[in-house]
Amino acid sequence: MIGVWNIRGLNDPIKHSEVRKWIVNHKLSLIAIVETRVRSINIDKAWRSLNMKGWKRISNYNFYDLGRIWVIFKNDVPVNCLIKSIQMMQCEITSEGRALKVTFIYGMNDLGNRKEMWRDILSIVNTTNDPWVVLGDFNAILKDSNRCGGNSVNQSECLEFQDCLDAAELSELKWMAIVLNQGISDHSPLVVIINEPVKVNYKPFRFFNIWTESPKFIEIVESNWSMPVEGFKMYQVSQKLTRLKRVHRELNRESFHDISRQVEDTRRLLDRIQGQVQNDLMNSELLQEEKATVIKLKELLRCEENFYRQKPRVQWIDLGDLNTNFFS
């Protein structure tokens, strides 16, 4: 079990007993205490008061004098700290030949410094193939409902947070995380249950050629790519591509979602119109409606065929017209 808690100051001895109870009650073996506010000259005093016999501590005092992050773990837990910065500590836990990467976060309050944190997180992505957990206090939220009270939410900050998660292919561990009551802090402690590896049904992004048929396609690409992004060049490219993934998925939902159903609905509409035309052959409005619907159906059929050709490439070669009910 892994835990993290923004304790809002660890100098008060009362908080020390609460931390110990939290560890014991939830059988934690690796924790991070963030925002300790313990100055470097008081580290030994605070550590003795915590009375964590049989535990070790590492921290990031070489970046900040108030001990932004303390990582504490049992002596028998093989923890190796790989990366330290003012806003995060990256650790590796090894057991029975397997490794787990854990990144503890305590984000700065200002947007400019958090940009550096997003870049640090993204720099880790290509350095490991091991399971990876990122947890802590980001000092940022994804949406209004994540905050109770406080200042109004800056939507651009929420977007940057989401962009980072998308680019790093990180998702919320809703089924593995327990959010506890705040207790003596105004921040809730978090406990993550680590058992056997959990398979996540991650759906990789795939570009479908039919999207280029949309009248909106070029405008969407140009407008989103031209939006400025701060940071080094590859980070800018990464963020722009992430942004394009999101808007293309929206375009797919708006215009091409359930393409086969759209085909069937349009075919039924055409059947109804042509039935009306048979009873009123000189009705110019019905004839124009029929013509427009035929054009629409042909376009949808072409999109449907292209969609199924691209989606299961190997099966299409083997099955041909059996690839979709339309051809049966």
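Read on for an overview of the structure. Computed from a predicted structure; not experimentally measured.

1. Things to note about a nonpolar patch on the surface
Moving on, step 1. Where nonpolar side chains cluster on the molecular surface, the patch consists of Trp225, Met234, Val237 and Leu241 and spans about 380 Å² of accessible area.
Moving on, step 2. Among the elements that take part in the nonpolar patch, helix H6 (residues 233-256) stands out by supplying three residues, more than any other.
Moving on, step 3. Structurally, Met234 is set in helix H6.
Moving on, step 4. The exposure class of Met234 is exposed, given its relative accessible area of 59%.

2. Comments concerning the pairing of strand S4 (residues 69-74)
Moving on, step 1. Most of S4 is tucked away: five of the six residues are buried.
Moving on, step 2. Summarising the sheet, strand S3 (residues 55-59) and S4 pair through five bridges and their orientation is antiparallel. Bridge pairing in S4 places Lys56 opposite Phe73.

3. Side note on the environment of Ile184
Moving on, step 1. Tracing the backbone shows Ile184 in the loop between strand S9 (177-179) and strand S10 (190-192).
Moving on, step 2. Accessibility expressed as a relative area gives 37% for Ile184, which makes it partly exposed.
Moving on, step 3. Along the sequence, Ile184 and Arg8 sit 176 residues apart, while their C-alpha atoms lie 9.2 Å from each other.
Moving on, step 4. Each residue touching Ile184, except ones within four places of it in the same chain, is listed here: Ile14, Lys15 and Glu18.

Conventions and cut-offs
Residues numbered from 1 in each chain as written. Predicted model: local features only at pLDDT ≥ 70, side-chain atom pairs only at ≥ 80, totals over all residues. Heavy atoms only, no water. Patch = residues over 30% accessible without salt bridge, like charges linked within 9 Å, V, L, I, M, F, W, Y side chains within 5 Å. Areas by Shrake-Rupley, 256 points an atom, 1.4 Å probe, with all protein chains shown as cover. Salt bridge = Lys/Arg side-chain N within 4 Å of Asp/Glu carboxyl O. Helix = DSSP H or I, 4+ residues; strand = E, 2+ residues; numbered from the N terminus. Buried < 20%, exposed > 50% of the residue type's maximum accessible area, 1.4 Å probe, protein only. Pairing = 2+ DSSP bridges. Contact = heavy atoms within 4.5 Å.

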